[in-house]
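Structure at a glance
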Amino acid sequence: MNKAFVKEAEGNGGRCPRCGSLGLGVPAVTLAAFVQTERRHEISETAYFCEFPRCEVIYFDDFERFLVSTDLLRSVWPKDSDAPLCGCFGLSADDVADDVREGTVARVKAAVAKANSANTHCLTMSAKGRNCAADIQRYYFKLRSQFGS
């Protein structure tokens, strides 16, 4: 088939060398905030975040070099379910699960409002280097569908 008629995958990065997921471009300032100083030279400034939760790779580059959780300064969502979904304000997966169990959206709504405020520090507090509001909402709806709410 002619490539002109084939839709390319959405995303802005290369493919993870381990799981093949499309990566999310990560700014250098985010890498500096998350990667151990002695490991920074092992990946290029143009790097990507692998979002697939079960993949061991956190960051990778176009040369198939990658970093895993032991190369980081702190754990990151979704690789570690105990890490906060929102690095700026500390919303956890348990907080979202509590909202679902209680049949409310109080914590989720407050976190999304904070995540969309001017008080965020997403470039240095989010492993992806971007706003987490969509991740919070996606996780909430995933849990709701699992609990049959």
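Located above this text is the structure these notes cover.
Residues numbered from 1 in each chain as written. Predicted model: local features only at pLDDT ≥ 70, side-chain atom pairs only at ≥ 80, totals over all residues. Heavy atoms only, no water.

1. Observations regarding the pattern of salt bridges
For the coordinates displayed, the defined rule picks out eleven salt bridges. Asp61 is paired through a salt bridge with Arg65; the nearest N and O atoms lie 2.7 Å apart. Residue classification places Arg65 among the partly exposed residues on the basis of a relative accessible area of 34%. Put simply, Asp98 and Arg101 hold a salt bridge, and the shortest N to O gap is 2.7 Å. Taken together, the residues span about one helical turn, with Asp98 and Arg101 both in helix α2 (residues 93–102) at a distance of three residues. Assessed through its relative accessible area of 24%, Asp98 is described here as partly exposed. When salt bridges with common partners are traced through the structure, they connect Glu51, Lys128, Asp135 and Arg138 into a single cluster. (Salt bridge = Lys/Arg side-chain N within 4 Å of Asp/Glu carboxyl O. Buried < 20%, exposed > 50% of the residue type's maximum accessible area, 1.4 Å probe, protein only. Helix = DSSP H or I, 4+ residues; strand = E, 2+ residues; numbered from the N terminus.)

2. Notes on unusual backbone geometry
Note the cis peptide between Trp77 and Pro78, where omega equals 5°. Within the element layout of this structure, Pro78 appears in the loop between β4 (66–68) and α2. Look at Glu64: it is not a glycine, yet its phi comes out positive at around 65°. Here Glu64 lies in the loop between β3 (57–61) and β4.

3. Focus on the sheet that holds β3
Read from one edge of the open sheet, four strands run β1-β2-β3-β4, paired in antiparallel fashion. This sheet does not close on itself; its edge strands, each paired only once, are β1 (24–26) and β4. On average, each strand axis in the sheet is inclined to that of its neighbour by 30°, with strand direction left out of account. Sheet topology note: the β3/β4 ladder contains three bridges and is antiparallel. Each bridged residue has a counterpart across the sheet, and for Tyr59 the counterpart in β4 is Leu67. (Pairing = 2+ DSSP bridges. Axes fitted to C-alpha atoms, helices over the stretch in contact; angles between N-to-C directions.)

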